[in-house]
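Below, each chain spelled out in residue letters.
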Amino acid sequence: MQLDFYDVLVLLAAYLIGNISPAIILGKIRGIDIKKEGSGNAGTTNVLRVLGKKAALITLVVDILKGFLAVRLGMLCGYEVGSLCALAVFCGHIWPCLYRFKGGKGVATAFGALLSINWILGLTALAIVAIGLFASKRMSVGSLMGAGTFPLVCHILEPDFMAIGTVMALIILFKHRTNIARLLHGEEPPMGIFKKK
């Protein structure tokens with residue numbers, strides 16, 4: 001496809017929307033650098049660990065919304081631009097230029113983008129993540145299951161998005177490489193909500 005000037009502007013806007021980091025902002029409000037605490041990841045799971053449930057819920061909702069809204073913006077220029085905006089906002093979340101290219105792992109933002117592309121696709125991916133999460137009590141397992149099965153799910157439900165969706169899935173797998181290592185060594189801790197008091 002050929003992008004015009006306005007398409008490029010929309011893609012840039014989607015990337016910058018991805019740069020909005022509730023995890024980092026909420027951490028700063030509390031005087032905490034979330035990138036230096038816990039796992040060092042600016043995402044929901046680490047916010048839950050470091051800042052608590054309320055901050056984690058806010059982070060989750062904002063990260064989902066920014067993915068959804070960025071794709072909606074792109075869809076104004078057509079399906080292809082909307083699909084590219086999914087990748088742009090996703091990359092903006094993971095590699096935010098406003099925060100020295102150190103962000104989250106992209107799962108919540110990807111979910112928001114998928115809901116905007118095809119809500120059935122998004123909810124199917126969410127169901128797979130949830131099965132992995134509740135079976136293992138580890139968000140990383142759910143994320144890995146969701147990413148690992150996503151190309152097939154996408155092929156069935158939204159084949160036009162399969163190329164970009166596969167790239168996003170591979171990035172999620174790459175971003176979880178340290179989690180994979182901990183899982184293999186039996187060192188991955190359960191998610192905070194599952195820990196016994």
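Our structure's up above, just so we're on the same page.
Sequence positions are assigned chain by chain, starting from 1 and proceeding in written order. Under the rules for a predicted model, residues below a pLDDT of 70 receive no local features and side-chain atom pairs below 80 are neither given nor counted, while totals for whole chains, interfaces and linings still include all residues. Hydrogens and water are ignored here; the side-chain numbers use all heavy atoms of the structure.

**So, the nonpolar core**
To be explicit about the condition: Among buried residues, the Ala, Val, Leu, Ile, Met, Phe, Trp, Tyr and Cys ones that are joined through side-chain atoms within 4.5 Å form a nonpolar core. Only protein chains enter the accessibility calculation, which uses a 1.4 Å probe; a residue is then buried when its area is under 20% of its type maximum, exposed when over 50%, and partly exposed in between. Per the convention used, a helix needs a DSSP run of H or I reaching at least four residues, while a strand needs a run of E reaching at least two, with both numbered from the N terminus. We call two residues in contact whenever any of their non-hydrogen atoms come within 4.5 Å of each other.
Counting 22 residues, the largest nonpolar core has Ala 86, Phe 90, Leu 114, Leu 121, Phe 150, Phe 161 and Met 168 as the members making the most contacts within it. Broken down by secondary-structure element, the contributors of at least two residues to this core are helix 5 (79-94), helix 6 (107-117), helix 7 (119-136), helix 8 (139-157) and helix 9 (162-175). Looking at which element gives the most residues to this core, the answer is helix 9, with five residues. Setting aside residues up to four positions removed in sequence, Leu 114 forms contacts with Trp 119, Leu 121, Gly 122, Ala 125, Phe 150 and Phe 161.

**Topic: the packing of helix 7 against helix 8**
Using the following cut-off: Angles run from 0 to 180 degrees between N-to-C directions of axes, and those axes are lines fitted to C-alpha atoms, restricted for helices to the stretch in contact. Under this scheme an angle from 65 to 115 degrees is roughly perpendicular, one under 35 degrees roughly parallel, and one over 145 degrees roughly antiparallel; angles in between are oblique. Crossings are classed by handedness, with left-handed meaning an anticlockwise turn of the near helix from the far one by less than a right angle and right-handed meaning a clockwise turn. Gly is placed with the polar residues, together with every amino acid not listed as nonpolar (Ala, Val, Leu, Ile, Met, Phe, Trp, Tyr, Cys and Pro) or charged (Asp, Glu, Lys and Arg).
Following both chains from N to C, one finds helix 7 and helix 8 inclined at 150 degrees, their axes separated by 8 Å at the closest point. Comparing the axis directions of helix 7 and helix 8 gives the class roughly antiparallel. For the element pair helix 7 and helix 8, the recorded crossing hand is right-handed. The residues of helix 8 that touch helix 7, namely those facing Ile 120, Leu 121, Thr 124, Ala 125, Ile 128, Val 129, Ile 131, Gly 132, Leu 133 and Ser 136, are Met 139, Val 141, Gly 142, Ser 143, Met 145, Gly 146, Thr 149, Phe 150, Val 153, Cys 154 and Leu 157. Across the contact of helix 7 with helix 8, the residue classes tally to 14 nonpolar, seven polar and no charged.

**Looking at helix 6**
A large share of helix 6 lies buried, amounting to nine of its eleven residues. Taken together, the buried positions of helix 6 are occupied by Ala 108, Thr 109, Ala 110, Phe 111, Gly 112, Ala 113, Leu 114, Ser 116 and Ile 117. In the core, the buried residues of helix 6 are packed alongside helix 4 (53-75), helix 5, helix 7, helix 8 and helix 9.

**With respect to the packing of aromatic side chains**
In plain terms, the rule: Think of it this way: a Phe, Tyr or Trp ring, Trp meaning its six-membered ring, pairs with another when their centres are within 6.5 Å, and the plane angle makes it stacked under 30 degrees, edge-to-face over 60, tilted otherwise. To sit over a ring, a charge needs its Lys NZ or Arg CZ within 6 Å of the ring centre and within 35 degrees of the ring normal.
The final tally for this structure, using the stated rule, is one aromatic pair. On the basis of an interplanar angle of 75 degrees and a centroid distance of 5.8 Å, the ring pair of Phe 5 and Tyr 6 is categorised as edge-to-face. The class of Phe 5 is exposed, set by a relative accessible area of 58%. For Tyr 6, a relative accessible area of 59% gives the class exposed. In this structure, Arg 72 is placed above the aromatic ring of Phe 68, and the distance from its NZ or CZ to the ring centre is 5.9 Å. Looking at Arg 177, its charged tip hangs above the ring of Phe 174, at a distance of 4.1 Å from the centre.

**A closer look at unusual backbone geometry**
Phi angles above zero are rare outside glycine, and Phe 101 is one such case at about 60 degrees. With respect to the helices and strands, the residue Phe 101 is situated in the loop between helix 5 and helix 6. We note that Lys 137 has phi near 65 degrees; this positive angle belongs to a residue other than glycine. Topologically, Lys 137 is positioned in the loop between helix 7 and helix 8. Taking the relative accessible area as the measure of exposure, Lys 137 reaches 39% and is therefore partly exposed.

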